[in-house]
Amino acid sequence: MNKNIVCIGAGYIGGPTMAVIAKMNPDRKVYVCDINAKRIAAWNSKNYALPIYEPGLVDVVKEVRGKNLFFTTDIKSAVKKCDIIFVGVNTPTKMFGRGAGRASDLQFWEATAREIKNYADGDKIVVEKSTLPVRTAAAMEAILNDSAKYRFTVLSNPEFLAEGTAIKDLLSPDRVLIGGPETVEGRAAVREICDIYAGKDGKWVERYKILTTNVWSAELTKLAANAMLAQRVSSVNALAGLCEATGADIDEVARVMGADRRIGSKFLKAGPGFGGSCFKKDVLNLVYLCETFGLHTAAEYWSGVIKMNDHQQERIVSRLFKAMFNTLANKKIAMFGFAFKADTGDTRETPAGYVARLLNEEHVRLVITDPKAIENGKRDLAGLDGITWEKDPYKAAKDADAVLVMTDWKEYPALDWEKIFKSMRKPSLVFDTRNCLDAGALKKIGFRVLNVGK
Ligand code: NAD
Ligand code: UGA
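Scope of this entry: the structure provided in the associated data block. From a predicted model like this one, the values you see are computed outputs, not experimental measurements.

1. Here's the deal with the side chain of Lys129
Along the chain, Lys129 falls in the loop between strand 5 (124–128) and helix 6 (136–145). What Lys129 contacts, discounting residues up to four positions off in sequence, is Ile13, Thr17, Phe86, Val87, Gly88, Asn157, Pro158, Glu159 and Tyr197.

Here's what the structure looks like:
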């Protein structure tokens, strides 16, 4: 068995994860493959115009690209060169047929399994990096090992990094999870993957943080961890509405709840609801699994997390409508932030997209600004009239009736809000759905201010 690694799928997961694996394992060659030639060209671009924005990523890629990290569309030869194969292809929610709107669409990983089988020229360890329904590894094994000359051992190594902090999360993870079959080969394969995360000379993840389980526990833990985090966001947002109605303040409530170490302070920030490519998809996947196994009450419980999240975005538009005298038609609203969170250009499932569509239905003249997400946003909202994009937040706010803050970019509290106020139509409203601005200071300037949960 050689030590080389290939990852199939060069997206938000494949790119950063393999870059850090290459950095921490200079004695291994790491190949990252994709069918999307444009994406691979961007990973290879001379000026490091990488296909995704992630703080610190460029520096890691500069350090290892061309030394022991290689981006390529030649999946066939990469599979031949490497005995350890990570699969990091996309697993979006299925939008057709059985399980539409809930189940994972597994066509990409199945295509990958067949590619691996066709190209392999020896025994391989295949590692699921994508987030997959429980027992997917069994299906992958069945495809790979059916009438194959070589032996494939399938492991699950789900990824817990968050976008915006991917490099930090990868360099010092809370834990690494490796699930493997409880067989001699399975245990040997798990040891191989543990060695990768230990890094060269044991300089990466401490051994006690590398947790090993059976394959099904690993697959389910990934869905469960995302569902628990999403559930916390929905819970705090459910309390936010109650705060608005009663005069309580959600930031105070969250601060005091979070001081209880049993509850903890993370993921208690009220806002426009969770976005991103995974929370909704993974909770829906859990709902589908529960339904499949006849656990209907559990399915309904997890569905509530999504229902609450959708409701939060509708509530934002309703409150804006009410505060702007029950008519939004022809009013100019400047949306500050379109990415689903700060420090990423990713707009998949962004709450801002959902709110923008609702405002568009009300015939708002919407101007959207974002430091990193304008290109993705333009693609998402293509075909909608009445929406313009503006890099400069000051220009976006000029003559606007309201500023609607949707992403907590650190640039926004630092803006000159007096200047913004002067340039806006009166009365001027700021709806800060992230509670990231100084509401008191804004009120002093003359703004009407709305927050979430206050
Ligand atoms: P992505 O869409 O950014 O990247 C997936 C890539 O796989 C694409 O570039 C696509 O072209 C490629 N691909 C698809 N089929 C292929 C094939 N047959 N051969 C070669 N390449 C192929 O998706 P992502 O955000 O990187 O997510 C990938 C997986 O990782 C998903 O299952 C997701 O749930 C999981 N995940 C993502 C994150 C995240 O932060 N984005 C975090 C943890 C887990
Ligand atoms: C999330 C998980 O945090 C990762 O562990 C996981 O690997 C990843 O999903 C995945 O599987 O893709 P990510 O979606 O990148 O990571 O970002 P988060 O920081 O979790 O934020 C998700 C959403 O929740 C964002 O829209 C964020 O603004 C929102 N959020 C988060 C809140 O509204 N309040 C909070 O307190 C925390």
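Alright, that's what it looks like, and here's the rest.
2. A few points about the site of ligand 2
The immediate surroundings of ligand 2 are formed by 19 residues, with Phe160, Leu161, Glu163, Cys278 and Arg434 found nearest. Looking at the shell around ligand 2, the element that brings in the most residues is helix 9 (residues 215–246), giving four residues. Looking at the shell around ligand 2, its residues break down into eleven nonpolar, two polar and six charged.

3. Quick word on empty space enclosed by the protein
Scanning the entire structure with this criterion turns up one cavity of 30 Å³ or more. Around the largest cavity, the lining residues are Glu128, Ser130, Thr131, Leu132, Ser156, Pro158, Glu219 and Lys222. Of the residues contributing to the lining of the largest cavity, the split by class is two nonpolar, three polar and three charged.

4. Observations regarding the sheet that holds strand 10 (residues 365–369)
Hydrogen bonding along the main chain pairs the strands of a sheet, whether they run parallel or antiparallel. Reading across from one edge, 11-10-9-12-13-14 is the order of the six strands in this open sheet, with parallel pairing throughout. Since the sheet does not close on itself, it has two edges, and those belong to strand 11 (387–389) and strand 14 (448–451), each with one partner. If you compare each strand with its neighbour and ignore which way they point, the axes differ by 20 degrees on average. Pairing between strand 13 (residues 429–432) and strand 14: four bridges, direction parallel. For Asp432, the partnering residue across the bridge sits in strand 14 and is Asn451. Strands strand 9 (332–336), strand 12 (402–405), strand 13 and strand 14 of the sheet are contacted by helix 12 (residues 296–323), whose axis makes an angle of about 165 degrees with strand 13. Packing of helix 13 (residues 351–361) onto the sheet brings it into contact with strand 9, strand 10, strand 11 and strand 12, and relative to strand 9 it is tilted by some 175 degrees.

5. Focus on the site of ligand 1
Contacts to ligand 1 come from 27 residues, most closely from Ile13, Asp34, Arg39, Thr91 and Lys281. The backbone of Ile35 places a nitrogen or oxygen atom 3.5 Å from a nitrogen atom of ligand 1. Relative to its unbound accessible surface of 830 Å², ligand 1 loses 93% to contact with the protein. Sorting elements by how many residues they give to the shell around ligand 1 places helix 5 (residues 107–119) first, with three residues. A breakdown of the residues in the shell around ligand 1 according to their chemical character gives nine nonpolar, ten polar and eight charged.

6. Some remarks on the layout of surface pockets
Roughly 710 Å³ of volume is contained in the second largest pocket. Tyr12, Pro51, Glu375, Asn376 and Arg379 are the residues nearest the centre of the second largest pocket, which is lined by 22 residues in total. Top contributing element to the lining of the second largest pocket by residue count: helix 14 (residues 374–380), with five residues. Of the residues that constitute the lining of the second largest pocket, the class distribution is eight nonpolar, four polar and ten charged.

7. Focus: the pairing of strand 10
Among the five residues that make up strand 10, four are buried, leaving the element largely enclosed by the rest of the structure. As paired strands, strand 9 and strand 10 are joined by five bridges and run parallel to one another. Bridging across to strand 10, Lys332 finds its partner in Arg365. With respect to chirality, the unit in which strand 9 leads through helix 13 into the neighbouring parallel strand 10 is right-handed. Relative to strand 11, strand 10 runs parallel, the two sharing three bridges. Bridge pairing in strand 11 places Val367 opposite Thr388. With helix 14 bridging strand 10 and the parallel strand 11, this β-α-β connection has right-handed handedness.

What counts and what doesn't
Residues numbered from 1 in each chain as written. Chains lettered and ligands numbered in written order. Predicted model: local features only at pLDDT ≥ 70, side-chain atom pairs only at ≥ 80, totals over all residues. Heavy atoms only, no water. Helix = DSSP H or I, 4+ residues; strand = E, 2+ residues; numbered from the N terminus. Contact = heavy atoms within 4.5 Å. Near = heavy atom within 4 Å. Nonpolar A, V, L, I, M, F, W, Y, C, P; charged D, E, K, R; others polar. 1 Å grid on protein atoms, 1.4 Å probe; cavity = no way out; pocket = protein on both sides within 12 Å on 5 of 7 lines; lining within 4 Å. Points joined across faces, edges and corners; volume = space filled by probe spheres on them. Pairing = 2+ DSSP bridges. Axes fitted to C-alpha atoms, helices over the stretch in contact; angles between N-to-C directions. Polar contact = N/O pair within 3.5 Å; in protein donor to acceptor, adjacent residues only side chain to side chain. Areas by Shrake-Rupley, 256 points an atom, 1.4 Å probe, with all protein chains shown as cover. Buried < 20%, exposed > 50% of the residue type's maximum accessible area, 1.4 Å probe, protein only. Right-handed = clockwise from strand over helix to strand, strands pointing away.

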